[in-house]
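Read off the chains here:
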Amino acid sequence: MKPIKFLQKNSIATQLIKIVFGFYCIVALTITIIQISIEYQHTRQSVENELAINQQIFEPVLSAGIWNLDDEQVMNTLNGMMAIPIIIGVKIEKKEQNYKAIGIVKTKSGQQKKYDAHGMGLFILENEYKDVFSYQFPIHYVFRGEPRKVGTATLYSNSSVIIDRVKIGIILLIINAVIKTIALWLLFFWVGKRILLTPLNKLVQAIENVNFDDLDELKIDLKNKRENELTIIENAFSDMLKNLADARIELIKSRLILEEKVKLRTHDLQRAKLEAERANEVKTEFMSQISHELNTPLNAILAGSQVLKTCIGPSQSQNLLLANQIYSAGVHLSMLVNDVIDVVNTSKDELEVVIDNCQLNDIIKSSIAMIKPITEERNITIDYEENNLVILADMGRVRQVLINLLTNAVKYNKDNGFIEISALKNSVGSVELSVKDSGVGISIEDDKCIFEPFVRLDYAKKNCITGMGIGLPLVKMLVEHMTASIHFESTVGFGSTFTITFKGASECKKHNK
Ligand code: ADP
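Worth saying up front: this structure is predicted, and the values here are computed from it rather than measured.

In the region of the ligand, 21 residues are neighbours, and Asn408, Tyr412, Asp437, Arg456 and Leu472 sit closest. Here an oxygen atom of the ligand and a backbone polar atom of Gly469 are 3.2 Å apart. Within the backbone of Leu472, one N or O atom sits 2.8 Å away from an oxygen atom of the ligand. Against a free-state accessible area of 530 Å², the protein chains account for coverage of 97% of the ligand. Only α8 (395-411), α10 (471-481) and β13 (495-502) provide two or more residues apiece to the shell around the ligand. Considering every element that reaches the shell around the ligand, the biggest residue donor is α10, with three residues.

The next point concerns the UniProt feature "transmembrane region" (unreviewed entry) in the protein chain. As annotated by UniProt and renumbered to match this structure, "transmembrane region" (unreviewed entry) occupies residues 12-34 and 168-191. Its end C-alpha atoms 34 Å apart, residues 168-191 is made of 100% helix and 0% strand.

Right, let's talk about the domain arrangement of the protein chain for a bit. For the protein chain, the domain assignment lists domain 1 (10-183) and domain 2 (352-502). Inter-centroid distance (C-alpha atoms) of domain 1 to domain 2 is 125 Å.

Right, let's talk about a nonpolar patch on the surface for a bit. Residues Ile174, Val178, Ile182, Trp185, Leu186 and Phe189 make up a contiguous nonpolar surface patch of roughly 530 Å² in combined accessible area. As for its position among the elements, Leu186 is in helix α4 (residues 159-208).

In a soluble, globular protein the nonpolar side chains are often hidden away together inside. Ranked by size, the top nonpolar core spans 48 residues in total, and within it Ile364, Leu405, Phe498 and Phe502 carry the most contacts. Element by element, the count of residues in this core is highest for α8, at eight residues. Apart from residues no more than four positions distant in its own chain, Leu405 is found in contact with Val435, Leu472, Val475, Ile486, Phe498 and Ile500. Counting residues in hydrophobic clusters, the runner-up holds 34 residues, among them Val74, Val105, Tyr156 and Val166.

A separate point is the pattern of salt bridges. Here the structure, examined in full by the defined rule, presents 14 salt bridges. Put simply, Lys167 and Asp164 hold a salt bridge, and the shortest N to O gap is 3.7 Å. With Lys167 and Asp164 both in helix α4 and three residues apart, this pair spans about one turn of that helix. Take Lys167: its relative accessible area is 41%, and that puts it in the partly exposed class.

Another aspect to go through is the environment of Glu386. Mapped onto the elements, Glu386 comes out in the loop between β8 (381-384) and β9 (390-393). On a C-alpha basis, the gap between Glu386 and Lys365 in space is 8.6 Å, while along the polypeptide they are 21 residues apart. When sequence neighbours within four positions are dropped, the list of residues in contact with Glu386 reads Asn361 and Lys365. Polar side-chain contacts of Glu386 include one of 3.0 Å to the side chain of Asn361.

Cut-offs applied
- Residues numbered from 1 in each chain as written.
- Predicted model: local features only at pLDDT ≥ 70, side-chain atom pairs only at ≥ 80, totals over all residues.
- Heavy atoms only, no water.
- Near = heavy atom within 4 Å.
- Polar contact = N/O pair within 3.5 Å; in protein donor to acceptor, adjacent residues only side chain to side chain.
- Areas by Shrake-Rupley, 256 points an atom, 1.4 Å probe, with all protein chains shown as cover.
- Helix = DSSP H or I, 4+ residues; strand = E, 2+ residues; numbered from the N terminus.
- UniProt positions renumbered as here; feature names shortened; annotations may be inferred.
- Domains from an automatic or database assignment.
- Patch = residues over 30% accessible without salt bridge, like charges linked within 9 Å, V, L, I, M, F, W, Y side chains within 5 Å.
- Salt bridge = Lys/Arg side-chain N within 4 Å of Asp/Glu carboxyl O.
- Core = buried A, V, L, I, M, F, W, Y, C linked by side-chain atoms within 4.5 Å.
- Buried < 20%, exposed > 50% of the residue type's maximum accessible area, 1.4 Å probe, protein only.
- Contact = heavy atoms within 4.5 Å.

Quick look at the structure:
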């Protein structure tokens, strides 16, 4: 907020005083100037009239002197005329020629010239006398009752004569204007300060002091005796302070309630979190236990069916078929149980990965062999071109990943469809292993969630395709544990391609977990 001093300088009251007073000064000055100039003009007019009166007084004496060629009488008369304060010079002309002159007169060329008391021309003046004006009259001598023009008289006067006359009047005018101005200024200052400046300052001070935490202490009293806009502001301000104080109390109450609620909610959440953690631990423990429990009879079934297959002779083809089915169902079940164990271990951060150089070709071929029975059931072809690529990875885990991808490529494929497996080195030396199928495909909306645990897309659910939704999340976890990455591309109705990128053998550090 701006300091109070700044506000006082720019306050409405100060501005009002400045504007009104400034305007008054301009008007007063203009009026005084007009008055002075009117006074000057008026005085000049009366001086000119007075010069005219001198014609009646001096014309007879001058005409007699000129007619009688009495130069002394003419000069005496001129000296007598110079005694009149408004006359600064007199010039007498005879037949257009300069005859006698005294004081300051103007020559024909318009220059000012000074003559002494004897009528001697002294020197030319450089227009030293300002605003010289004159009155001219013809001089007539009455001879035998008939007036005859004997010359012309010019009486000179100037502005200094007028100023001498109006001086006092002008001084009084100026004093009058100055006194009025000072009085008005004092009046304005006093009234403005009392009525506007002081109450406004109090109001501004009060607004400045508003502190939300200390509203009860703040009071405002402008001491205004009359009802006006300021009293309305004062009342509104006081009401606002009261409302603010009430609102503050409400706010404090709400805050306390809220804090209490947050405390309770936090407590509930902490309890719920502990319960959830406990439940998760119990679930993980249960899953781990049950998986291990399942593995024991499963291994027995696998071993038994393996033995059974070798015991059954070629004549008992029906029994051999059944034994094969038992065996492949056992393998499948065993893989599922192992997947569950891996998911459980991942959540406990106990997933084991052993990185080493592996022949990718061997892994792919053994995986194809494992998947063969289910592809044959649905007449799905597997296309694969052998290679010599070596990757740094955990052989068993890569097989687990590949079998998972191939199982999906079969499950979500069409009958008589195809699967293409390819492995190649890309431009940066990484090895890309792709599994392409001609299945139902995955829409863009689903592309983020398929790697989430227990997510199964509509197609899988509607068509009752067996699965638990842990295959792809496990694949992703295993791939990332081997510092590789996985992505897929898909077109709904045409199939999907899952690609795993293994870093080049030299880039990949060997590590055990
Ligand atoms: P599931 O046991 O259900 O197969 P996964 O984690 O392996 O679980 O896969 C998650 C879901 O992703 C599947 O339910 C399926 O809807 C979809 N899915 C996975 N692979 C494919 C694929 N090759 N083609 C189409 N959908 C697939």
